[in-house]
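One letter stands for each residue in the lines below.
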Amino acid sequence: MKELKIFRKFLNENHSDEDKKKYFRFLNNLRDSGQTNMFGAGSYLESYFGLSRKEAREILAKWMRSFDEPKDEIDRDRIFMKGRVDEDTKLNEFVGKELEDRNEPLYDKLVAGSGKSDTVQGEMLRAINRIVYRYYNDGDEYMRGYGTETAGPAHSFLVNANHPLKSLVSTLFSKGTNYEQTLKDVLDAILDHIESRQGKYTPNNLGDMFDYEPEFEDEESYEDDYDHDDYYDEDEY
């Protein structure tokens, strides 16, 4: 955490507003091109601008947080966990109707529309929902590939933050042999805990799950498999 704060300070001090605009224009054009899922856009920043992976990730995170409407990062999770991935797919087809029926009202009650939850229980629920969403909607797994970026912070929060189920959740993640079943088991355990509180929740002093460093690194090597000049006019930057 200390290293992350130092890096953020470095980024703010060493990149001018003009630099940030240049990166953001690049990301806007990349999004509009449809070339990649934007959760994987960090590799394009690395290749095009010669940035380090950590620096590219931080710039990408800043770009994602720059939108006034949080639907890309937060509301997409909320829409999915309320029961819809697309026009026809239901969440209960994945985690089961019983879990979804328990999850939906608690998610609506405890998870904020954007940003961290007010309670520890809400942030725990937000985190497992994030991991479930990323897996069923995009196939992301917190320990590999782009999943280390999209689901990794949520997993890190659940296994590292000092919440009441830290030991149990850590064991479930480490001992589970089936990824899908593990997600269901963790969701079930968190729902059991929240229901047992009978409306008495703990104020969130653990912070935002996105502030937690992933436990795993994306070790994939990225190939420069397209000519950037085909998509972007260098004069624009």
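It should be noted that the structure appears before, not after, this text.
Let us look at the structure shown here.

Basis of the calculations
- Residues numbered from 1 in each chain as written.
- Predicted model: local features only at pLDDT ≥ 70, side-chain atom pairs only at ≥ 80, totals over all residues.
- Heavy atoms only, no water.
- Phe/Tyr/Trp six-rings, centres within 6.5 Å; stacked < 30°, edge-to-face > 60°.
- Helix = DSSP H or I, 4+ residues; strand = E, 2+ residues; numbered from the N terminus.
- Buried < 20%, exposed > 50% of the residue type's maximum accessible area, 1.4 Å probe, protein only.
- Contact = heavy atoms within 4.5 Å.
- Polar contact = N/O pair within 3.5 Å; in protein donor to acceptor, adjacent residues only side chain to side chain.
- Axes fitted to C-alpha atoms, helices over the stretch in contact; angles between N-to-C directions.
- Parallel < 35°, antiparallel > 145°, perpendicular 65-115°, else oblique.
- Left-handed = near helix turned anticlockwise from the far one by under 90°.
- Nonpolar A, V, L, I, M, F, W, Y, C, P; charged D, E, K, R; others polar.
- Salt bridge = Lys/Arg side-chain N within 4 Å of Asp/Glu carboxyl O.
- Core = buried A, V, L, I, M, F, W, Y, C linked by side-chain atoms within 4.5 Å.

**Structural notes on the packing of aromatic side chains**
- According to the stated counting rule, one finds 10 aromatic pairs in the structure shown.
- Ring geometry for Phe-157 against Tyr-212: centres 5.3 Å apart, planes inclined by 90 degrees, an arrangement best described as edge-to-face. With a gap of 55 residues between them, Phe-157 in helix α9 (residues 152-160) and Tyr-212 in the segment after α11 (179-196) connect regions that are remote in the sequence. As far as burial versus exposure is concerned, Phe-157 and Tyr-212 are alike and both buried.
- Through successive ring pairs, a cluster of aromatic residues spans Tyr-135, Tyr-136, Tyr-142, Phe-173, Tyr-179 and Phe-216.

**Notes on the environment of Glu-46**
- Residue position: Glu-46 is located in helix α3 (residues 42-49).
- Relative accessible area serves as the criterion here: at 19%, Glu-46 is assigned to the buried category.
- Separated by 10 residues in the primary sequence, Glu-46 and Ala-56 place their C-alpha atoms 5.9 Å from one another.

**Digging into the environment of Asp-140**
- Within the secondary structure layout, Asp-140 lies in the loop between α7 (120-138) and α8 (147-150).
- Given the relative accessible area of 11%, Asp-140 is considered buried.
- Sequence spacing of Asp-140 and Thr-150 is 10 residues, and the spatial spacing of their C-alpha atoms is 7.3 Å.
- Ignoring anything within four residues of it in the chain, the contact list for Asp-140 reads Arg-134, Tyr-135, Gly-147, Thr-150 and Tyr-179.
- A distance of 2.8 Å separates polar atoms of two side chains, one belonging to Asp-140 and the other to Thr-150.

**Quick look at the packing of α7 against α11**
- Remark: α7 packs on α11, axes separated minimally by 10 Å, with the N-to-C direction vectors making an angle of 160 degrees. Considered as vectors, α7 and α11 are oriented roughly antiparallel to each other. Between α7 and α11 lies a crossing whose hand is left-handed. Across from Gln-121, Met-124, Leu-125, Ile-128, Asn-129, Ile-131, Val-132, Tyr-135 and Tyr-136 in α7, the residues of α11 making contact are Tyr-179, Glu-180, Leu-183, Lys-184, Val-186, Leu-187, Ile-190, Leu-191, His-193 and Ile-194.
- For the contact of α7 with α11, a count of residues per class yields 14 nonpolar, three polar and two charged.

**Observations concerning α9**
- Among the nine residues that make up α9, eight are buried, leaving the element largely enclosed by the rest of the structure.
- Among the residues of α9, Gly-152, Pro-153, Ala-154, His-155, Ser-156, Phe-157, Leu-158 and Val-159 are the ones counted as buried.
- On its buried face, α9 sits against α7, α8, α10 (166-175) and α11.

**What to know about the pattern of salt bridges**
- Evaluated as defined, the whole model comprises 12 salt bridges.
- Ionic pairing is found between Glu-46 and Arg-53, a salt bridge with its closest N-O pair at 3.9 Å.
- One salt bridge connects Lys-97 with Asp-101, and the closest N-O pair in it is separated by 2.6 Å. Residue Lys-97 and its partner Asp-101 are both found in helix α6 (residues 97-110); the two are separated by four residues, about one turn of the helix.
- Assessed through its relative accessible area of 52%, Lys-97 is described here as exposed.
- On the basis of relative accessible area, Asp-101 is assigned to the partly exposed category, the value being 45%.
- Via salt bridges that share partners, Glu-98, Arg-102, Asp-188, Asp-192 and Glu-195 belong to a single interconnected network.

**Regarding the nonpolar core**
- Leu-125, Ile-128, Ile-131, Phe-157, Leu-158, Phe-173 and Ile-190 are the most contacted members of the largest nonpolar core, which has 37 residues in total.
- In terms of residue count, the dominant contributor to this core is α7 (nine residues).
- Not counting chain neighbours up to four residues away, the residues in contact with Ile-128 comprise Leu-158, Leu-183, Val-186, Leu-187 and Ile-190.
- Met-38, Ala-41, Ala-56 and Ile-59 belong to the second-largest nonpolar core, a separate cluster that totals 16 residues.

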